[in-house]
Amino acid sequence: MSEMINNREQGFENKTERQEMLKQIIKDLHNGRSVDEVKAQFENAVGNISVAEISQLEQALMEEEGIPVSEVQRLCSVHTAIFKGSIEEIHRSEQPEDQPGHPIHTFKLENKEINMLVNFKMQLHLERFEKEDNEENINKLIADLNLLYDVDKHYTRKENLLFPFLEKYGIMGPTQVMWGVDDGIRAAIKGAKEKLKTYNGDKKAISSAIYFVIKETSEMIYKEENILFPMALQTLTEDEWIKIAHDGEDIGYCLTAPAGVWKPERKEINATAMTDGYIKMETGLLSLKQLELMLNHLPVDITFIDQDDVVRYFSHGKERIFHRTKAVIGRTVQNCHPPKSVHVVEDLLHDFKAGIKDVEDFYIKTRGIYVYIRYFAVRDEDGAYMGTLEFTQNIDPIQAIQGEKRILS
């Protein structure tokens, strides 16, 4: 056990040192060093970088080093030039973003259309304009920019649906930076269109404005698909993606529509069991209503998954610590957790099923309360594994108890 702790501590130190090197590189950029100099330093000293470290880097720059959000936004494209080609790919056996209708699948479909518009159609029209700045070529560029402003829906879904979930997990830096860059792209599109509408013969100003739009829009596609989307897929649960997919309809889509309706797989639950009357147990007889009320009045949250890892039941008290919706019933417990923490769930269930453990405890601070989480392997009279019971309790009131109370007050 001590060896495992030492290894973890060493890994943490290496990660901290790496983060410090990354921060220093960005600070050097901030202080005027050239991109080529910094890129060489990055490649020699750091090597590959994960999506999570980019997120931590930007957040640390703002929170610990005091660099304003606006400055990180200015450096954002430079960050991309340095990190491009050094970002570790995330491989998983199952990729929900490949499923039609999944929010990331839809975002990527839109990015394909945006890329075709700016790097092929708009680029072609700009080259024609540069050769001959007649009314026809000007109007084609205006039409392209009008189409491109549909990107506002893509960015709005990202900012108002995806970012709030990331921020719930403490991922603030990248969302603030990217939102600022999005606004810059919106303004650049409007500005380029205005220049075209009031064209005074300054061909160079038009070319500069259009090339800026093409460059910034293309860079945002790269940042989304190589930084933001992998980070979100590592962080959000299936329920959260369902919410994003559902609410996206209210905002609308950019240049295309979802390729289908995303319906995550659900296990069939036998709903033919008795729905009223009484349940006879070894130590008593209760109506279903009494049993449900009793479980919901316990000062704890209870969740039960069966031997196949399928969520079968959760209590529904007045003050649940971790929110549950009825959508989880019939789903495997693995899909109820962010992908980056599924291995913890798998390890726990493996030990329960193998008989290595019967109970596992965790205790964490969350939302200002101290939470005690207990997992119990549920076994029948012969010791066969039947499922796992999760028991969650706010223990702040218990820890606050002092002295004795012997009379009714």
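For the structure, see preceding data.
Residue positions are counted from 1 within each chain, in the order its sequence is given. Note on the predicted model: pLDDT of at least 70 is required for a residue's local features to be given, and 80 or more for side-chain atom pairs to be given and counted; whole-chain, interface and lining totals, by contrast, use all residues. In computing side-chain values, all of the structure's heavy atoms are included and hydrogens and water are not.

## Here we look at helix 10 (residues 238-251)
Along an α-helix, residues three or four positions apart point the same way, because every turn accommodates 3.6 residues.
Then step 1. For the purposes of this entry, the term helix denotes a DSSP run of H or I that reaches at least four residues, the term strand denotes a run of E that reaches at least two, and both are numbered from the N terminus. A helix is expected to span 1.5 Å for every residue after the first. Along its 14 residues, helix 10 runs 21 Å from first to last C-alpha, staying within 8% of the 20 Å computed at 1.5 Å per residue.
Then step 2. When accessible area is computed with a 1.4 Å probe and restricted to protein chains, residues below 20% of their type maximum are described as buried, those above 50% as exposed, and intermediate ones as partly exposed. All of the buried residues along helix 10 are E238, E240, W241, I244, D247 and G248.
Then step 3. Residue contacts follow a heavy-atom distance rule, with two residues in contact if any of their heavy atoms lie within 4.5 Å. Where helix 10 is buried, its residues meet helix 5 (103-131), helix 7 (151-168) and helix 9 (203-235).
Then step 4. Just downstream of helix 10 lies G252, where phi reads positive at about 105°.

## Focus on the sheet that holds strand 3 (residues 301-306)
Then step 1. Only when DSSP finds a minimum of two bridges between them are two strands counted as paired. Strand order in the open sheet formed by five strands is 4-3-7-6-5, with antiparallel pairing between adjacent strands. Only two strands of the sheet have a single neighbouring strand rather than two, namely strand 4 (311-314) and strand 5 (359-366). Between one strand axis and the next, the sheet turns by 15° as a mean value, whatever way the strands run.
Then step 2. Examined bridge by bridge, strand 3 and strand 4 share three bridges and lie antiparallel to one another. Residue pairing in the sheet places T303 in a bridge with F314 of strand 4. Fitting a line to C-alpha atoms yields each axis, with helices limited to the stretch in contact; the angle taken between N-to-C directions then spans 0 to 180 degrees.

## Some thoughts on unusual backbone geometry
Trans peptide bonds make up most of the peptide bonds, and negative phi angles are found at most residues other than glycine.
Then step 1. At L255, a residue that is not glycine, the phi angle is positive and equals roughly 65°.
Then step 2. With respect to the helices, strands and loops of the structure, L255 is situated in the loop between helix 10 and strand 1 (278-281).
Then step 3. Note on L255: relative accessible area 28%, which makes it partly exposed.
Then step 4. Phi is positive for D309, which is not a glycine, with a value near 70°.
Then step 5. With respect to the secondary-structure elements, D309 resides in the loop between strand 3 and strand 4.
Then step 6. A relative accessible area of 9% means that D309 is categorised as buried.

## A short note on the pattern of salt bridges
Then step 1. Here a salt bridge means any side-chain nitrogen of Lys or Arg lying within 4 Å of a carboxyl oxygen belonging to Asp or Glu. Going through the model one piece at a time under the given rule, you end up with 18 salt bridges.
Then step 2. Across the pair R157 and E110 runs a salt bridge whose closest N-O atoms are separated by 2.8 Å. Separated by 47 residues along the polypeptide, R157 in helix 7 and E110 in helix 5 bring together distant segments of the chain. Across this residue pair, the class does not change: R157 and E110 are buried.
Then step 3. D358 is paired through a salt bridge with R379; the nearest N and O atoms lie 2.8 Å apart.

## Notes on the side chain of E159
Then step 1. Along the polypeptide, E159 turns up in helix 7.
Then step 2. In this structure E159 comes out as buried when scored by relative accessible area, which is 3%.
Then step 3. Among the polar contacts listed, one links the side chain of E159 to the side chain of W179, at a separation of 3.5 Å. Polar contact is defined as a pair of N or O atoms within 3.5 Å, subject to the rule that within protein one atom must be able to donate a hydrogen and the other to accept it, and that residues adjacent in sequence are counted only when both atoms are side-chain atoms.

## Some words on the environment of Q393
Then step 1. Mapping Q393 onto the fold places it in strand 7 (residues 385-394).
Then step 2. Among the residues examined, Q393 registers a relative accessible area of 16% and is labelled buried.
Then step 3. Discounting chain neighbours no more than four positions away, the residues touching Q393 are P299, V300, I321, Y370, V371, Y372 and I398.

## Digging into the packing of helix 8 (residues 173-197) against helix 9
Then step 1. Following both chains from N to C, one finds helix 8 and helix 9 inclined at 155°, their axes separated by 9 Å at the closest point. It follows from the interaxial angle that helix 8 and helix 9 lie roughly antiparallel. Relative to helix 9, helix 8 is oriented so that their crossing is left-handed.
Then step 2. For this classification, the nonpolar set comprises Ala, Val, Leu, Ile, Met, Phe, Trp, Tyr, Cys and Pro, the charged set comprises Asp, Glu, Lys and Arg, and every other residue, Gly included, is treated as polar. Residue composition of the contact of helix 8 with helix 9, grouped by class: 17 nonpolar, one polar and five charged. Each angle gets one of four labels, with under 35 degrees taken as roughly parallel, over 145 as roughly antiparallel, 65 to 115 as roughly perpendicular, and the rest as oblique. It is the rotation of the near helix from the far one that decides the hand of a crossing: anticlockwise by less than a right angle makes it left-handed, clockwise makes it right-handed.

## Some remarks on the nonpolar core
Then step 1. Ranked by size, the top nonpolar core spans 45 residues in total, and within it I210 and W241 carry the most contacts.
Then step 2. Of all the secondary-structure elements, those providing two or more residues to this core are helix 5, helix 6 (135-148), helix 7, helix 8, helix 9 and helix 10.
Then step 3. The dominant element in this core, judged by the number of residues it contributes, is helix 9, at twelve residues.
Then step 4. Ignoring sequence-local partners within four residues, the contact set of I210 consists of M122, L126, L145, A192 and L196.
Then step 5. As used here, the term nonpolar core means buried Ala, Val, Leu, Ile, Met, Phe, Trp, Tyr and Cys residues forming a set that is joined through side-chain atoms within 4.5 Å. I305, V328, V371 and Y375 belong to the second largest nonpolar core, which has 16 residues in total.

## Brief notes about the pairing of strand 3
Then step 1. Most of strand 3 sits out of view: five of its six residues are buried.
Then step 2. Bridge count for strand 3 against strand 7 is six bridges, and the pairing is antiparallel. Directly across from D306, in strand 7, lies its bridge partner G387.
Then step 3. The hairpin formed by strand 3 and strand 4 contains four residues between the paired strands, and D309 there has a positive phi angle of roughly 70°.

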